Amino acid sequence: MPELKSIQSLLSTYQPKPINQKTSYAILLPLIKIGEAYHVLYQVRAQHISQPGEVAFPGGQVETGESLRAAAIRETVEELNIASDQIQVLGEIDFLVSGSRTIHCFVGEILIEDWQTISPNEEVERLFVLPLDQLMATPPTYYPLTSSLQASTKFPFERIPNGIHYPFKDFQRTIPFYDEFEENLWGMTALFTHRFVEMVRPAR
């Protein structure tokens, strides 16, 4: 039986983390100044990689010994084919816990005069921008999505109240879509976009 002092000593130096976290990802929400107005830079994922054709931010898995910030910069450098000194990281916004992974989102300005001169790597099909002012004026619509459970021979439904009808919260969620743009901006990318817009709105 451990003593109370040893438990206290353990907890005093312990850094809490999400339970069941297996992988951390870091992404960058890139800002580009066009004229006097800021825009958000998005990329469409290439057809030969996972989640083909989806709108995303540059980012990827955090490597062993790498900081979240460093991972976001490295992935942006690789995917956009730019130099690290062309990225000015402004800070981190709220992060997302999804299953066994966490996704951390940094915001940074891309210090390039003309975003159309960016030549991304083979993971990116194309780039596009949306005005920050327009994103502020047109919030996304959150559509409900409900998944259904199926009886399984392995899961002991008989041991929980209401069995298969137990109200598991993970099977009920809402997913954001920006309906006012030609580009299909939705899901996690829309969620981080909306959270950033809501955070900077008072500063406007």
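Not measured: the values here are computed from a predicted model.

**Q** Any chance you could break down the overall build of the protein for me, citing the residues and the numbers?
**A** Helices and strands together make up the secondary structure of the protein, namely 4 helices and 10 strands. Element order for the protein, N to C, with α for helix and β for strand: α-β-β-β-β-α-β-β-β-β-α-β-β-α. Counting only residues that meet the buried cut, the protein has 37% of its 204 residues in that class. Entry remark: accessible area of the protein is about 13,000 Å², with carbon and sulfur atoms responsible for 51%. Seen as two clouds, the 16 positive and the 25 negative side-chain charges of the protein have centres 12 Å apart.

**Q** I'd love a proper account of the pattern of salt bridges, names of residues and values included.
**A** Should the charged atoms of two oppositely charged side chains come close, the side chains can pair. Counted according to the given criterion, the structure contains 7 salt bridges. Its salt-bridge partner being Glu-183, residue Arg-126 comes within 3.0 Å of it at the nearest N-O pair. Of this pair, Arg-126 sits in strand 8 (residues 124–131) while Glu-183 sits in the loop between strand 10 (172–177) and helix 4 (187–200), and the two are 57 residues apart along the sequence. Overall, the relative accessible area of 35% leaves Arg-126 in the partly exposed class. Across the salt bridge formed by Arg-201 and Glu-198, the nearest N and O atoms sit 2.9 Å from each other. One network of salt bridges, with partners in common, ties together Glu-63, Glu-66, Arg-74, Glu-75 and Glu-78.

**Q** Tell me about the layout of surface pockets, residues and numbers included.
**A** By volume, the largest pocket amounts to about 910 Å³. For the largest pocket, the lining is made up of 34 residues, of which Gln-51, Arg-101, Ile-103, Met-188 and Thr-189 are closest to its centre.

**Q** For the packing of aromatic side chains, give the residues involved together with the corresponding values.
**A** Here the structure, examined in full by the defined rule, presents 8 aromatic pairs. With a centroid separation of 5.6 Å and an interplanar angle of 80°, the aromatic rings of Tyr-143 and Phe-177 are classed as edge-to-face. With Tyr-143 in strand 9 (residues 141–146) and Phe-177 in strand 10, this residue pair connects regions lying 34 residues apart in the sequence. On the basis of relative accessibility, which here comes to 38%, the residue Tyr-143 falls in the partly exposed class. Under the relative-accessibility criterion, Phe-177 is labelled partly exposed at 23%. Ring pairs connect the aromatic residues Phe-155, Phe-157, Tyr-166 and Phe-168, which therefore count as one cluster. For the cation-ring pair, Arg-101 lies above Tyr-25, with the distance from its terminal atom to the ring centre recorded as 5.9 Å.

**Q** Please set out the nonpolar core residue by residue, giving values where relevant.
**A** With 24 residues, the main nonpolar core has Leu-29, Val-40, Tyr-42, Leu-135 and Leu-185 as its most contacted residues. Looking at this core, the elements that each hand over two or more residues are strand 1 (23–34), strand 2 (37–45), strand 7 (101–110), strand 8, helix 3 (132–137) and helix 4. No other element matches helix 4, which puts 4 residues into this core. In terms of nonpolar packing, the next biggest core, distinct from the first, is built from 19 residues, Val-89, Ile-110, Ile-112 and Val-129 among them.

**Q** I'd like a rundown of the environment of Asp-170, residues and numbers included.
**A** Relative to the helices and strands, Asp-170 resides in the loop between strand 9 and strand 10. When the C-alpha atoms of Asp-170 and Gln-88 are compared, they prove to be 37 Å apart, with 82 residues separating the residues in sequence.

**Q** Requested: an account of a nonpolar patch on the surface, with residues and values cited.
**A** On the surface, Leu-4, Ile-7, Leu-10, Leu-11 and Tyr-14 cluster together into a nonpolar patch covering about 540 Å² of accessible area. Locating Leu-10 in the fold gives a position in helix 1 (residues 4–13).

**Q** Provide a residue-level description of helix 2 (residues 68–80), including the pertinent values.
**A** Here helix 2 contains 13 residues, and its C-alpha end-to-end distance of 18 Å stays within 8% of the 18 Å for a straight helix at 1.5 Å per residue. Turning to helix 2, its buried residues are Ala-71, Ala-72, Arg-74, Glu-75, Thr-76, Glu-79 and Leu-80. If you follow the buried residues of helix 2, they end up packed against strand 1, strand 2, strand 4 (59–61), strand 5 (87–92), strand 7 and strand 8. Among the residues trailing helix 2, Asn-81 stands out with phi positive, at a value near 55°.

Reading the values: rules and limits
- Residues numbered from 1 in each chain as written.
- Predicted model: local features only at pLDDT ≥ 70, side-chain atom pairs only at ≥ 80, totals over all residues.
- Heavy atoms only, no water.
- Helix = DSSP H or I, 4+ residues; strand = E, 2+ residues; numbered from the N terminus.
- Buried < 20%, exposed > 50% of the residue type's maximum accessible area, 1.4 Å probe, protein only.
- Areas by Shrake-Rupley, 256 points an atom, 1.4 Å probe, with all protein chains shown as cover.
- Lys, Arg positive; Asp, Glu negative; His and termini not counted.
- Charge placed at Lys NZ, Arg CZ, Asp CG, Glu CD.
- Salt bridge = Lys/Arg side-chain N within 4 Å of Asp/Glu carboxyl O.
- 1 Å grid on protein atoms, 1.4 Å probe; cavity = no way out; pocket = protein on both sides within 12 Å on 5 of 7 lines; lining within 4 Å.
- Points joined across faces, edges and corners; volume = space filled by probe spheres on them.
- Phe/Tyr/Trp six-rings, centres within 6.5 Å; stacked < 30°, edge-to-face > 60°.
- Lys NZ or Arg CZ within 6 Å of the ring centre and 35° of its normal.
- Core = buried A, V, L, I, M, F, W, Y, C linked by side-chain atoms within 4.5 Å.
- Patch = residues over 30% accessible without salt bridge, like charges linked within 9 Å, V, L, I, M, F, W, Y side chains within 5 Å.
- Expected span 1.5 Å × (residues − 1).
- Contact = heavy atoms within 4.5 Å.

From the geometry alone we can't say anything about function, so treat these as descriptive.
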